[in-house]
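# Examination of the molecular architecture
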Amino acid sequence: MSLIQQLSPDFFLPDEELKSFPNYEEFAVLYAAEKPTSPNSVESVFSKIKSTLNEELVSKTKDVYAFQITGPANEIIFVDMKNGPGEVGKGEPPAGKADVIFTMDLDSFMKMFSGTLKPTAAFMSGKLKLKGDMGLAIKLEKLMLKMKSHL
């Protein structure tokens with residue numbers, strides 16, 4: 001076996017280069033098993049929010065939020081924390097106009113809901129823009145903290 005064949009591939013290399021290693025498939029399986037299973041989709045965030053919402057949290061919040069995701073995703077996501085047990089979905093809120101509209105890119109949205117980006121920090125750094133009452137926007141951090149404790 002030559003020295004080249006004995007080397008393990010470096011996963012910082014582009015995929016084309018990695019595939020040129022004779023033992024690529026063996027290491028690819030190991031590498032895939034080590035990848036963290038962190039949320040990486042809007043649907044995973046929906047699921048977490050839905051599992052967190054309840055009538056008690058809704059009764060304390062009493063607001064409807066909308067997230068305008070910019071970039072390739074270009075979609076609106078609503079979190080209704082005003083009606084019944086609460087609701088999450090894509091598009092405009094069915095129960096009426098949102099009290100606060102947040103505008104951000106998908107990466108910032110995902111980081112906010114995974115707990116790695118605080119809404120206040122996102123706003124102060126310009127990653128998050130809001131339309132509506134700033135006081136109502138701050139209430140959303142309650143949901144963020146509750147979600148983080150359920151992870």
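Residues numbered from 1 in each chain as written. Predicted model: local features only at pLDDT ≥ 70, side-chain atom pairs only at ≥ 80, totals over all residues. Heavy atoms only, no water.

Turning next to helix α4 (residues 42-52). Taken together, the buried positions of α4 are occupied by V42, V45, F46, I49 and T52. Burial along α4 is one-sided: seen end-on, the buried residues are contained in an arc of 130 degrees. Structural note: α4 exposes K50 and S51 on the side pointing more than 90 degrees away from its buried face. (Buried < 20%, exposed > 50% of the residue type's maximum accessible area, 1.4 Å probe, protein only. Helix = DSSP H or I, 4+ residues; strand = E, 2+ residues; numbered from the N terminus. Arc of directions from axis to C-beta.)

If you walk through the whole model with that rule in mind, you get four salt bridges. In this structure, E75 and K90 form a salt bridge, with 3.4 Å as the shortest nitrogen-oxygen distance. With a gap of 15 residues between them, E75 in strand β2 (residues 75-81) and K90 in strand β3 (residues 87-90) connect regions that are remote in the sequence. In this structure E75 comes out as buried when scored by relative accessible area, which is 19%. Taking the shortest distance from any N to any O, the salt bridge between D107 and K111 comes out at 3.2 Å. Taken together, the positions of D107 and K111, both in helix α6 (residues 106-114) and four residues apart, correspond to about one turn of that helix. Taking the relative accessible area as the measure of exposure, K111 reaches 34% and is therefore partly exposed. (Salt bridge = Lys/Arg side-chain N within 4 Å of Asp/Glu carboxyl O.)

For the rest of this paragraph, the subject is the packing of aromatic side chains. Taken as a whole and assessed by the stated rule, the structure comprises three aromatic pairs. Their ring planes at 15 degrees and their centres at 5.0 Å tell us that F67 and F102 sit as a pair that is stacked. Separated by 35 residues along the polypeptide, F67 in strand β1 (residues 63-70) and F102 in strand β4 (residues 100-105) bring together distant segments of the chain. Grouped by ring-pair contacts, the aromatic residues Y65, F67, F102 and F109 constitute a single cluster. (Phe/Tyr/Trp six-rings, centres within 6.5 Å; stacked < 30°, edge-to-face > 60°.)

Turning our attention to the sheet that holds β3. One open sheet holds the five strands; their spatial order is β3-β2-β1-β4-β5, and the pairing between them is mixed. Each having just a single partner strand, β3 and β5 (129-132) make up the two edges of the open sheet. Between one strand and the next, the sheet's axes are offset by a mean angle of 15 degrees, whatever the strand orientation. As defined by bridge partners, β2 adjoins β3 across four bridges and the pair is classed as antiparallel. (Pairing = 2+ DSSP bridges. Axes fitted to C-alpha atoms, helices over the stretch in contact; angles between N-to-C directions.)

Let us look at a nonpolar patch on the surface. Together, F123, M124, M134 and I138 line one region of the surface with nonpolar side chains, adding up to about 400 Å² of accessible area. Secondary-structure elements contributing two or more residues to the nonpolar patch are α7 (119-124) and α8 (134-150). Relative to the assigned elements, M134 resides in helix α8. What makes M134 partly exposed here is its relative accessible area of 37%. (Patch = residues over 30% accessible without salt bridge, like charges linked within 9 Å, V, L, I, M, F, W, Y side chains within 5 Å. Areas by Shrake-Rupley, 256 points an atom, 1.4 Å probe, with all protein chains shown as cover.)

On average, residues of the protein score 76 in pLDDT, and 68% of them are at 70 or above. In this model, residues 1-6 is a region of pLDDT below 50 whose contacts with residues beyond four sequence positions or in other chains number three contacts. Contacts from residues 30-39, a stretch scored under 50 in pLDDT, to residues over four places away or in other chains number five contacts. (pLDDT = per-residue confidence, 0-100. Contact = heavy atoms within 4.5 Å.)

Here K90 takes part through its side chain, which lies 3.4 Å from a polar atom of the side chain of E75. Among residues more than four places away in sequence, those in contact with E75 are V42, F67, Q68, I69 and K90. (Polar contact = N/O pair within 3.5 Å; in protein donor to acceptor, adjacent residues only side chain to side chain.)

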